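# Coordinate inspection notes
Chain by chain, the residues run as shown.
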Amino acid sequence: MHMLIEDYHEKIRNTQMLRVNRDIQQFLNEEESGGKKQVKEIQTLEHTLAIQNRYQQQVIDSKKRVLKELKKVVRQKEKVNEEFEAKLKEMNFDYNIRKNVSQENDGSVSDAKQREKRYKGIVQRNRLVALVKMQAQQLSILGTEVERLRMRTFPTLRSLNQ
């Protein structure tokens with residue numbers, strides 16, 4: 001019993017000697033309030049995080065819309081460029097034919113064999129140009145098909161890269 005009294009006196013002395021600063025007061029107040037302050041702080045942080053997530057999603061959605069519109073514009077420009085390239089090739093072909101005809105009319109080619117050879121060259125060139133046009137169209141169709149299949153096969157990978 002005597003030792004118990006001595007222990008209590010020691011604890012009282014330690015308590016009296018303990019200096020209570022702001023940190024210890026805050027800790028004691030938190031224990032008394034049952035952690036209400038921490039719960040409120042956690043709720044505030046969760047609410048802030050939810051608001052930030054919604055804002056971030058809105059930003060992402062707007063960027064996706066802009067990207068989609070830009071892709072549409074790019075496709076339109078590519079179609080216009082393809083049309084111009086086709087017209088240019090056709091005009092170049094017509095120019096070369098007229099040039100050959102004008103050279104023949106100038107008398108630079110007087111021999112019948114040379115005319116026939118040139119005519120065969122022109123016919124062969126016409127056939128090759130037609131073949132090139134056809135193959136370019138097929139290549140364009142196949143490229144579009146490959147892109148469509150690629151988008152169907154790897155849609156998530158495509159969206160991550162953008």
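Just above, that's the structure.
Residues numbered from 1 in each chain as written. Predicted model: local features only at pLDDT ≥ 70, side-chain atom pairs only at ≥ 80, totals over all residues. Heavy atoms only, no water.

## Let's talk about the overall build of the chain
Formally: For the purposes of this entry, the term helix denotes a DSSP run of H or I that reaches at least four residues, the term strand denotes a run of E that reaches at least two, and both are numbered from the N terminus. For every residue, the accessible area (1.4 Å probe, protein chains only) is compared with the maximum for its type, and the residue is labelled buried under 20%, exposed over 50%, or partly exposed between those bounds. Per-residue and other accessible areas follow the Shrake-Rupley method at a 1.4 Å probe size, with only the shown protein chains counted as cover for residues.
A tally of regular secondary structure across the chain gives 5 helices and 0 strands. Looking at the chain as a whole, 2% of its 162 residues are labelled buried. Counting only carbon and sulfur atoms, one obtains 57% of the accessible surface of the chain, whose full area is about 15600 Å².

## Here we look at the pattern of salt bridges
This is how it is decided: Salt bridge, as applied in this entry: a Lys or Arg side-chain nitrogen positioned within 4 Å of an Asp or Glu carboxyl oxygen.
Going through the model one piece at a time under the given rule, you end up with 4 salt bridges. Taking the shortest distance from any N to any O, the salt bridge between E147 and R150 comes out at 3.5 Å. Pair noted here: E147 and R150 are both in helix α4 (residues 112-153), with a separation of 3 residues, about one helical turn. A relative accessible area of 29% means that E147 is categorised as partly exposed.

## Focus: a nonpolar patch on the surface
Filter applied, for reference: Think of a patch as exposed residues, more than 30% relative accessible area, with no salt bridge, where like charges cluster within 9 Å and nonpolar side chains (Val, Leu, Ile, Met, Phe, Trp, Tyr) cluster within 5 Å.
The grouping of L128, L131 and M134 at the surface amounts to a nonpolar patch, some 260 Å² of accessible area in total. Looking at the element boundaries, M134 is found in helix α4.

## Looking at a negative patch on the surface
Applied cut-off: Lys and Arg are tallied as positive, Asp and Glu as negative. Neither His nor the chain termini are counted. Here the site of a charge means atom NZ of a Lys, CZ of an Arg, CG of an Asp or CD of a Glu.
Residues E78, E82, E83 and E85 make up a contiguous surface patch of negative charge. Looking at the secondary structure, you find E85 in helix α3 (residues 36-105).

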